[in-house]
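Here is how the chains run, residue by residue.
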Amino acid sequence: MVWLFGQGHAVDLILGVMLLEWLLLTRGRGWRKGDAALRLLPGALMVLALRAALTGAGWWWIALALAASFPVHLADIARRPRRSI
């Protein structure tokens, strides 16, 4: 378990699963590639921040990944169709 988490390989597995999810959305569900990427990218950036934290990277790498996830999340929300309640 030390190898899995201490070197960030758990995060690599998560990113691999997210890539498979992107493939499922684009090929299996017919989503546009950009829409699927925009939907998954904020989570991927937060997972990259986790990887940076697990591997002892500088605090600025963690902060950069977390800060980048927010505007991407806002862009995703802005592109989603509006539904009436």
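First, a word on scope: everything that follows refers to the structure included in this document.

**A closer look at the packing of helix H2 (residues 9–28) against helix H3 (residues 33–54)**
Where H2 contacts H3, the axes come no closer than 10 Å and their chain directions differ by 175°. Comparing their axes, H3 and H2 come out roughly antiparallel. Contact residues: Val 11, Asp 12, Ile 14, Leu 15, Met 18, Glu 21, Trp 22, Leu 25 and Thr 26 in H2; Lys 33, Ala 36, Ala 37, Leu 40, Gly 43, Ala 44, Val 47, Leu 48, Leu 50, Arg 51 and Leu 54 in H3. Of the residues belonging to the contact of H2 with H3, the class tally is 14 nonpolar, two polar and four charged.

**Things to note about the packing of H3 against helix H4 (residues 59–79)**
Contact geometry for H3 and H4: axes closest at 8 Å, N-to-C directions at 165°. Considered as vectors, H3 and H4 are oriented roughly antiparallel to each other. Both H3 and H4 take part in a crossing whose hand is left-handed. Between H3 and H4, the contacting residues are Asp 35, Leu 38, Arg 39, Leu 41, Pro 42, Leu 45, Met 46, Ala 49, Ala 52 and Ala 53 on the first element and Trp 61, Ile 62, Ala 65, Leu 66, Ala 68, Ser 69, Val 72, His 73, Ala 75, Asp 76 and Arg 79 on the second.

**Description of the packing of aromatic side chains**
Tallied over the entire structure, the rule returns one aromatic pair. An angle of 80° between the planes, with centres 6.2 Å apart, marks the rings of Trp 59 and Trp 60 as edge-to-face.

**Digging into H3**
In a regular helix each residue adds 1.5 Å, so 22 residues correspond to 32 Å; H3 covers 30 Å between its end C-alpha atoms and thus fits that length. Residue Leu 41 marks the point of greatest curvature in H3, where the axis turns by about 40°; the proline Pro 42 follows within four residues. Of the positions making up H3, those classed as buried are Ala 36, Leu 38, Leu 40, Pro 42, Ala 44, Leu 45, Val 47, Ala 49 and Ala 52. Buried positions along H3 lie against H2 and H4. Within two residues after H3, Gly 56 carries a phi angle of roughly 80°, on the positive side.

**Some remarks on the pattern of salt bridges**
If the charged atoms of two oppositely charged side chains come close together, the side chains can form a pair. Here the structure, examined in full by the defined rule, presents five salt bridges. Linking Asp 35 and Arg 32 is a salt bridge whose minimum nitrogen-to-oxygen distance equals 2.9 Å. Two residues, Arg 80 and Asp 76, come together in a salt bridge whose shortest N-O distance is 2.7 Å. For Arg 80, a relative accessible area of 36% gives the class partly exposed. For Asp 76, a relative accessible area of 5% puts it in the buried group. Salt bridges sharing common partners tie together Arg 32, Asp 35 and Arg 79.

Cut-offs used in this document
- Residues numbered from 1 in each chain as written.
- Predicted model: local features only at pLDDT ≥ 70, side-chain atom pairs only at ≥ 80, totals over all residues.
- Heavy atoms only, no water.
- Axes fitted to C-alpha atoms, helices over the stretch in contact; angles between N-to-C directions.
- Helix = DSSP H or I, 4+ residues; strand = E, 2+ residues; numbered from the N terminus.
- Parallel < 35°, antiparallel > 145°, perpendicular 65-115°, else oblique.
- Contact = heavy atoms within 4.5 Å.
- Nonpolar A, V, L, I, M, F, W, Y, C, P; charged D, E, K, R; others polar.
- Left-handed = near helix turned anticlockwise from the far one by under 90°.
- Phe/Tyr/Trp six-rings, centres within 6.5 Å; stacked < 30°, edge-to-face > 60°.
- Expected span 1.5 Å × (residues − 1).
- Bend = angle between axes of the 7 residues up to and from the residue.
- Buried < 20%, exposed > 50% of the residue type's maximum accessible area, 1.4 Å probe, protein only.
- Salt bridge = Lys/Arg side-chain N within 4 Å of Asp/Glu carboxyl O.

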